[in-house]
Amino acid sequence: ISPLFSTRVCCDINHGHAQPTDAEREVWNQVNAILQESESILSGLQAYKGAGQEIRQAIQNPSDQMLQEQAWNSVCPLVVRLKEFYGFSLKLEKALQSLLESLTCPPFTPTQHLEKEQALAKQFAEILHFTLRFDELKMRNPAIQNDFSYYRRTISRNRINNMNMDIENEVNNEMANRMSLFYAEATPMLKTLSDATTNFVSENKTLPLENTTDCLSTMASVCKVMLETPEYTSRFSSEDTLLFCMRVMVGVIILYDHVHPDGAFIKTSKIDMKGCIKVLKDQPADNVEGLLNALRFTTKHLNYESTPKNIRAMLQ
């Protein structure tokens, strides 16, 4: 990838100069409506405190009806919020598939697409940026799993005879099962996007797989070049821009690893994994621990025999 291409695409993607052309506008509007919600979803997750204390009290005093009610009334609004996060993951999945369709369709190469459709490339990057931020916050919040487990146990035992059961209309058993699978993942949003990308590839059998993998590897290379070149990083307006680039790079690596039959780590991979990991490790540990964990736990091929030992050692 020419440094010139990297600079131009990344500067546009980072600084928001990427305005949609007429050809992009329909998809752009559709995705933009979803991205508008992403900040409030992150604020909601950041503010999520959980009902740990109320749940502990209720479990320790099983015959105290008042404590049971207090725990239940604390958990119900939290479960409604968790449903909202889960619902957003389904919207994000649709948005990602629309963007993949636009950024991989013939007759253009992935590089041509990224040059021609920078507004869509920026949205793709923003989805990945959001996804990694969401998953980093979720990983640090064990209350989510605890609250949801308590909710499911309580509903299945039907112990709450005279308590407010309107919640069941909001989160019925089938919805609770789907949410449970989602929150059981270490990185639920990334898992959703990896599955969406895998489904996109299997549903578009006539589209060459390279169109998708090259789009992802090109974006990874652009981010890596930006991050390892002082001339570019010195132009970043803030640490946020640096984090944005790192999250997007990790996000596309993970998607690539899920859809490429041999994954991202093999010697012949179109992504320079050694270079990408090195770039991350050169940053302050606090900024990158979550990203390195995402590579450790959300990729598919890291522990395959085909992964060179030195790359595996870098992620140990």
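Further up the page is the structure itself.
The structure presented is a predicted model; accordingly, all values stated were derived computationally and were not measured.

Colleague: Quick question: what am I supposed to make of the environment of E115 here?
Modeller: With respect to the element layout, E115 can be found in helix α5 (residues 110-116). Exposure remark for E115: the relative accessible area of 34% places this residue in the partly exposed category. With 32 residues separating them along the chain, E115 and D147 place their C-alpha atoms 46 Å apart.

Colleague: Can you help me understand the packing of helix α6 (residues 118-139) against helix α10 (residues 188-203) in this one?
Modeller: In helix packing, the relevant descriptors are the interaxial angle and the interaxial distance, both defined with respect to the helix axes. It is the contact of α6 with α10, at a shortest axis distance of 7 Å, that shows an interaxial angle of 140°. In terms of orientation, α6 lies oblique with respect to α10. Across from I127, L128, F130, T131, L132, F134, D135 and K138 in α6, the residues of α10 making contact are P188, M189, L190 and L193. Grouping the amino acids of the contact of α6 with α10 by side-chain chemistry returns nine nonpolar, one polar and two charged.

Colleague: Quick question: what am I supposed to make of helix α13 (residues 239-259) here?
Modeller: The α-helix advances 3.6 residues per turn, and as a result positions three or four apart in sequence lie on the same side. Taking 1.5 Å per residue, 21 residues should reach 30 Å; α13 reaches 31 Å between its end C-alpha atoms and fits that length. Of all 21 residues making up α13, 19 are buried, and the element is well covered by its neighbours.

Colleague: Just to check I follow, could you spell out the nonpolar core for this structure?
Modeller: Generally speaking, soluble globular proteins have nonpolar side chains that are buried together. Of all hydrophobic cores here, the largest spans 98 residues; its most connected members are F124, I127, Y151, I253 and L280. Looking at which element gives the most residues to this core, the answer is helix α4 (residues 65-104), with 16 residues.

Colleague: Would you take a moment to explain the packing of aromatic side chains for this structure?
Modeller: Note on aromatic pairs: each is described by the distance of the centres and the angle between the planes. Evaluated as defined, the whole model comprises eight aromatic pairs. Where Y86 meets F182, the ring centres are 5.4 Å apart and the plane angle is 70°; that geometry is what we call edge-to-face. Here F182 lies in helix α9 (residues 173-184) and Y86 lies in helix α4, a separation of 96 residues in the sequence. By relative accessible area, which is 8% here, Y86 ends up buried. Overall, F182 belongs to the buried group, its relative accessible area being 7%. Through a chain of ring-to-ring contacts, three or more aromatic side chains come together here, namely W72, Y86, F148, Y151, F182 and Y183. Positioned over the ring face of F108 is K116, at 4.3 Å from the centre of the ring.

Colleague: What should I look at first to understand the pattern of salt bridges in this one?
Modeller: For side chains of opposite charge, pairing can occur when their charged atoms come near one another. Scanning all chains against the criterion turns up eleven salt bridges. Ionic pairing is found between D195 and K191, a salt bridge with its closest N-O pair at 2.9 Å. Here D195 pairs with K191, and both are found in helix α10, just four residues apart, close to one helical turn. Overall, the relative accessible area of 31% leaves D195 in the partly exposed class. For E289, the salt bridge is made with R296, and the minimal N-O distance between the two is 3.1 Å. Judged by its relative accessible area of 37%, E289 falls in the partly exposed class. You can call R296 buried: its relative accessible area is 18%.

Colleague: What am I meant to see in helix α11 (residues 209-228) here?
Modeller: Given a rise of 1.5 Å per residue, 20 residues ought to cover 28 Å, and the 29 Å separating the end C-alpha atoms of α11 matches this to within 8%. In terms of residue burial, α11 counts as a mostly covered element, since 17 of its 20 residues are buried.

Colleague: Which parts of the structure should I look at to understand the packing of α4 against α9?
Modeller: Close contact between α4 and α9 brings their axes to 10 Å; oriented N to C, the two are set at 75°. Looking at the two axes, α4 sits roughly perpendicular to α9. Residues V79, L82, K83, F85, Y86 and S89 of α4 form the contact with α9, whose participating residues are M175, R178, M179, F182 and Y183. Each residue belonging to the contact of α4 with α9 can be placed in one class, and the counts come to eight nonpolar, one polar and two charged.

Conventions adopted
- Residues numbered from 1 in each chain as written.
- Predicted model: local features only at pLDDT ≥ 70, side-chain atom pairs only at ≥ 80, totals over all residues.
- Heavy atoms only, no water.
- Helix = DSSP H or I, 4+ residues; strand = E, 2+ residues; numbered from the N terminus.
- Buried < 20%, exposed > 50% of the residue type's maximum accessible area, 1.4 Å probe, protein only.
- Axes fitted to C-alpha atoms, helices over the stretch in contact; angles between N-to-C directions.
- Parallel < 35°, antiparallel > 145°, perpendicular 65-115°, else oblique.
- Contact = heavy atoms within 4.5 Å.
- Nonpolar A, V, L, I, M, F, W, Y, C, P; charged D, E, K, R; others polar.
- Expected span 1.5 Å × (residues − 1).
- Core = buried A, V, L, I, M, F, W, Y, C linked by side-chain atoms within 4.5 Å.
- Phe/Tyr/Trp six-rings, centres within 6.5 Å; stacked < 30°, edge-to-face > 60°.
- Lys NZ or Arg CZ within 6 Å of the ring centre and 35° of its normal.
- Salt bridge = Lys/Arg side-chain N within 4 Å of Asp/Glu carboxyl O.

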